[in-house]
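This is what each chain is made of:
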Amino acid sequence: MSDTPKAAPVHAPMDQFESQGGELLVGGMPLSRLAERVGQTPFYAVDRALLDARVAGLRAALPASVSLHYAIKANPMPALVQHMAGLVDGLDVASAGEMQVALNAGMPAQDISFAGPGKRDAELAQAVAAGVLLNVESPREARALAHISQRLGLPARVALRVNPDFELKSSGMKMSGGPKQFGVDAEEVPALLHEMGTMGLAFEGFHLYAGSQNLKAAAIVEAQQKSYELACRLAEHAPGPVKALNLGGGFGIPYFPGETRLDLAPIGDCMANIAADAAHRLPGAELIVELGRYLVGEAGVYVCRVVDRKVSRGQVFLVADGGLHHHLSNSGNFGQVLRKNYPVAIGNRMDAAQGAPLSVVGPLCTPLDLVADRMALPEAQPGDLVVVFQSGAYGATASPQGFLGHPAVVEVLV
Ligand SMILES: *Cc1c(COP(=O)(O)O)cnc(C)c1O
């Protein structure tokens, strides 16, 4: 610890992108030129090389025997899903629509799993016909799948999604423990497993998903260990051997000032211990980690252009052509309790000194349309490019694009 007090950080880390001559480089291209290439602002751009590096880093930290799945709801852009299909071992989908994207990307049905509450019978039938693994979320779903399997003469491949009796601590979004709409409560699982044994389904294993957006390795390790122990106990009631054990993910990325990147080392150690133990307790079981934002979030930026600069009672507002309607999560309205700033920069003035705090707002007629709230940024003018980092996940498809009728956002992979 140094003696001099440090100023509070303005941003979460955004050093994954380099800059040159004051221009942010995305996919190796200066941002102003990329904006010309795209032909409009606002746009999302995801950097292929950063996706590659992220997956390589994760593979190096985790035991080689652990399979890596990409949960495509984080970013279902077809070109990106296709790129990821070549890097990971499987794709996780949460609707029949996402399943089509995953199949179109060339991922074998064998390596696609389909989770989500409230799967309609038509979606279940599509999934059985495709041959993907279904994560069963309720007794009703199991029974519907039994009927569909019989009708198609094709046993549904199923894993049982378990709502554990614990939660993921320090998580941005808790999805287990207590009453939840996801999965089957752990205490109800043995009875349902016995019933499933009589249903003509192809039982393959378990799915446990404790939560999302966690930056504390210790909390993730605890959830992984508890999930594994619970799966071993439940496996004694299973109608067949466990071939796949999906232990979830929840690996977070730093979005807000003061947050730092997740330390993968303890998670790698924990997975190695689990893999060694599973080799004799669940022989033949594939261990799976499923991640969304961790794989793609830091590889993407959202770019909009300053349209106007206003001063209201001493406060500077840059009014941009993009905002909440394309990037709800950055506006603070996608699950945040207290709004904080994502990392933001002026992408064509990366070398300029920071000026007085200013706010970047979008074009919508609502005070919720904030891109950056009173942030130290360089002096910027109409025509400059505002860049929001950590925007590769939960962007375009997680935003209300129809709201106020502004033009749609374009997405590119560079
Ligand atoms: C949303 C979700 C994910 C991805 O979450 P991230 O926080 O983006 O990693 C993975 N699995 C399931 C079951 C999910 O619901």
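Residues numbered from 1 in each chain as written. Predicted model: local features only at pLDDT ≥ 70, side-chain atom pairs only at ≥ 80, totals over all residues. Heavy atoms only, no water.

### With respect to the site of the ligand
All residues in the neighbourhood of the ligand are listed as Ala71, Lys73, Met175, His207, Tyr209, Ser212, Gln213, Glu290, Leu291, Gly292, Arg293 and Tyr394. Within the backbone of Gly292, an N or O atom sits 2.9 Å from an oxygen atom of the ligand. Contact with the protein chains covers 93% of the free accessible surface of the ligand, which is 390 Å². Tallied by class, the residues present in the shell around the ligand amount to five nonpolar, four polar and three charged. (Near = heavy atom within 4 Å. Polar contact = N/O pair within 3.5 Å; in protein donor to acceptor, adjacent residues only side chain to side chain. Areas by Shrake-Rupley, 256 points an atom, 1.4 Å probe, with all protein chains shown as cover. Nonpolar A, V, L, I, M, F, W, Y, C, P; charged D, E, K, R; others polar.)

### What to know about the environment of Gln354
As for its placement among the helices and strands, Gln354 is situated in the loop between strand E18 (344-346) and strand E19 (357-361). Between the alpha carbons of Gln354 and Ala376 there is a distance of 5.7 Å; along the sequence they are 22 residues apart. Beyond its immediate sequence surroundings of up to four residues, Gln354 is in contact with Ala376, Leu377 and Pro378. (Helix = DSSP H or I, 4+ residues; strand = E, 2+ residues; numbered from the N terminus. Contact = heavy atoms within 4.5 Å.)

### Digging into the packing of aromatic side chains
For the coordinates displayed, the defined rule picks out eight aromatic pairs. Between the aromatic rings of Tyr255 and Phe256, the centroid separation amounts to 5.8 Å while the plane-to-plane angle is 40°, which identifies the pairing as tilted. For Tyr255, a relative accessible area of 4% gives the class buried. For the pair Phe334 and Tyr394, a centre-to-centre distance of 6.2 Å together with 35° between the ring planes defines the contact as tilted. Residue Phe334 is found in the loop between helix H11 (328-331) and E18, and its partner Tyr394 is found in the loop between strand E21 (385-388) and strand E22 (410-413); the two are separated by 60 residues along the sequence. The structure contains a cluster of three or more aromatic residues connected by ring pairs, namely Tyr255, Phe256 and Tyr342. Geometry around Tyr294 places Arg54 over its ring, the cationic atom sitting 4.2 Å from the centre. The positively charged end of Lys119 is found above the aromatic ring belonging to Phe114, 5.6 Å away from the centroid. (Phe/Tyr/Trp six-rings, centres within 6.5 Å; stacked < 30°, edge-to-face > 60°. Buried < 20%, exposed > 50% of the residue type's maximum accessible area, 1.4 Å probe, protein only. Lys NZ or Arg CZ within 6 Å of the ring centre and 35° of its normal.)

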